[in-house]
Amino acid sequence: MKGGISPMEQVTVAESRGFWENVKHNVKALFTLQYYKDGFSGWTPQSRVWWVIGLAVLLTTGFAHGFDPMTIISVVGGAIGFTCTLAITNNKKLNGLLGFVSAFMISYVAFHAGNYADIFMQSGYVIFLDIPVILFGMAWQNKKIKTMDKQGWLILVVGLLAMFGLLYLIDTHVFVSPRPVIDAFSAAVGFTGAFLMLGKYSSQYWMWTLQGVMSVTLWGITAMQGDANWVLFMTYVLYLGNDLLGLFFSPWSARNIK
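Residues numbered from 1 in each chain as written. Predicted model: local features only at pLDDT ≥ 70, side-chain atom pairs only at ≥ 80, totals over all residues. Heavy atoms only, no water.

**Things to note about the overall build of the chain**
Looking only at helices and strands, the chain has 11 helices and 0 strands in total. Moving toward the C terminus, one meets the helices and strands of the chain in the order α-α-α-α-α-α-α-α-α-α-α. Here the C-alpha radius of gyration of the chain, 18 Å, is about what a compact globule of 258 residues would show, namely 18 Å. With the C-alpha coordinates aligned to their principal axes, the bounding extent of the chain is approximately 55 × 45 × 35 Å. A total of 258 residues make up the chain; the buried ones form 51% of that total. (Helix = DSSP H or I, 4+ residues; strand = E, 2+ residues; numbered from the N terminus. Rg over C-alpha atoms; globule rule 2.2 N^0.38 Å. Buried < 20%, exposed > 50% of the residue type's maximum accessible area, 1.4 Å probe, protein only.)

Here's what the structure looks like:
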């Protein structure tokens, strides 16, 4: 394989290393061109087309009315986050780094908009999804994608109920969000999708799709109430489109799992 070693060879090499050696190798890989070449290669045609469309939509939506700092942060954070979701759909470990960077930008916008549970969702992504994928990316990427089982349903039910209760409590007693129910539920669904993704369950995309619908609604209401610009709304619309690609045109699609 020109320019690198094959996935199977990478797995063999990774297994021959110790735990900390493997982590060190994954961190060093972040500073190599091959890491990014691998991350953007092997995407489905649908993903590539949607990526180009999405970037054009975000740039047009964001910069149509100026270049103030909040708009720039919204556009850049949205574009990186959108690329992250496509990397997940195409089973690329690059999603860890992209998600890590975009989470801070989106959280900044969410803080100013008063959508506090969205901040916790982004923080949860960093802790439970982005950092593990950065540190153990190859092990995660080569783990077999599976359909729902008893453990998966336990993760879904317990994760959703527990996260909604916690986030609603925070939204009503700590930060007091102007939209506590939809803010907390949207973030709880996102957390649950992340838990299923780490477990390599294809059903994560049903949760991502539901979360996309909830986030589009949340940020649409937020923008109409004047608490944010429309960039995050369009970002989550694009996330929702990617979720549909994940359901039907990706390695995660149930029909592609043997």
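**A word on the environment of Thr 235**
Turning to its location among the elements, Thr 235 is positioned in helix 11 (residues 231–248). Sequence-wise, Thr 235 and Thr 172 are 63 residues apart; in three dimensions their C-alpha atoms are separated by 26 Å. Contacts of Thr 235, omitting those with residues within four sequence positions, involve Leu 58 and Gly 78. (Contact = heavy atoms within 4.5 Å.)

**Structural notes on the nonpolar core**
If you look at the biggest cluster of nonpolar residues, it comprises 59 residues, and the most contacted ones within it are Leu 167, Met 197, Trp 219 and Tyr 236. Elements represented by at least two residues in this core include exactly helix 5 (69–89), helix 6 (95–113), helix 7 (116–141), helix 8 (150–173), helix 9 (180–198), helix 10 (204–224) and helix 11. Aside from chain neighbours lying at most four places away, what touches Met 197 is Ile 88, Leu 129, Val 133, Trp 140, Gln 204, Trp 208 and Trp 252. (Core = buried A, V, L, I, M, F, W, Y, C linked by side-chain atoms within 4.5 Å.)

**With respect to the packing of helix 4 (residues 45–63) against helix 5**
Each pair of packed helices gets described by two things: the angle between the helix axes and the distance between those axes. Axis separation between helix 4 and helix 5 bottoms out at 9 Å; the angle between their running directions is 170 degrees. Regarding the angle of helix 4 to helix 5, the classification is roughly antiparallel. Every residue of helix 5 that contacts helix 4 at Ser 47, Trp 50, Trp 51, Gly 54, Leu 55, Leu 58, Leu 59, Gly 62 and Phe 63 is listed here: Thr 71, Ile 72, Val 75, Gly 78, Ala 79, Phe 82, Thr 83, Leu 86 and Thr 89. (Axes fitted to C-alpha atoms, helices over the stretch in contact; angles between N-to-C directions. Parallel < 35°, antiparallel > 145°, perpendicular 65-115°, else oblique.)

**Digging into the packing of aromatic side chains**
Applying the stated rule across the entire model yields 18 aromatic pairs. A ring pair is formed by Tyr 125 and Trp 208, whose centres lie 5.9 Å apart and whose planes are at 80 degrees; its orientation type is edge-to-face. Of the two residues, Tyr 125 is situated in helix 7 and Trp 208 in helix 10; the sequence distance between them amounts to 83 residues. Summarising the aromatic geometry, the rings of Trp 230 and Phe 233 are spaced 5.2 Å apart at their centres and angled 85 degrees between planes, so their arrangement reads as edge-to-face. According to the relative accessible area criterion, Trp 230 is partly exposed, its value standing at 39%. One aromatic cluster in this structure is built from Tyr 125, Phe 128, Phe 191, Phe 195 and Trp 208. (Phe/Tyr/Trp six-rings, centres within 6.5 Å; stacked < 30°, edge-to-face > 60°.)

**What about unusual backbone geometry?**
Backbone geometry places Asn 91, a non-glycine residue, at a positive phi of 60 degrees. In this structure, Asn 91 sits in the loop between helix 5 and helix 6. The phi dihedral of Lys 200 falls on the positive side, at around 65 degrees, and the residue is not glycine. Within the secondary structure layout, Lys 200 lies in the loop between helix 9 and helix 10.

**Points about a nonpolar patch on the surface**
There is a patch of nonpolar side chains on the surface, built from Trp 153, Leu 154, Val 157, Val 158 and Leu 161 and spanning about 530 Å² of accessible area. Within the fold, Val 158 resides in helix 8. For Val 158, a relative accessible area of 47% puts it in the partly exposed group. (Patch = residues over 30% accessible without salt bridge, like charges linked within 9 Å, V, L, I, M, F, W, Y side chains within 5 Å. Areas by Shrake-Rupley, 256 points an atom, 1.4 Å probe, with all protein chains shown as cover. Salt bridge = Lys/Arg side-chain N within 4 Å of Asp/Glu carboxyl O.)

**Some words on helix 10**
Given a rise of 1.5 Å per residue, 21 residues ought to cover 30 Å, and the 30 Å separating the end C-alpha atoms of helix 10 matches this to within 8%. In terms of burial, helix 10 is largely enclosed, as 15 of its 21 residues are buried. Among the residues trailing helix 10, Gly 226 stands out with phi positive, at a value near 80 degrees. (Expected span 1.5 Å × (residues − 1).)

**Considering the packing of helix 4 against helix 11**
Following both chains from N to C, one finds helix 4 and helix 11 inclined at 170 degrees, their axes separated by 10 Å at the closest point. Here helix 4 is positioned roughly antiparallel relative to helix 11, judged by the angle of their axes. For the pair helix 4 and helix 11, the contacting residues are Gln 46, Ser 47, Trp 50, Gly 54, Val 57, Leu 58, Thr 61 and Gly 62 in the first and Val 231, Met 234, Thr 235, Val 237, Leu 238, Gly 241, Asn 242 and Leu 245 in the second. Of the residues assigned to the contact of helix 4 with helix 11, the class counts are 8 nonpolar, 8 polar and no charged. (Nonpolar A, V, L, I, M, F, W, Y, C, P; charged D, E, K, R; others polar.)

Any link to function would need more than the numbers given here.
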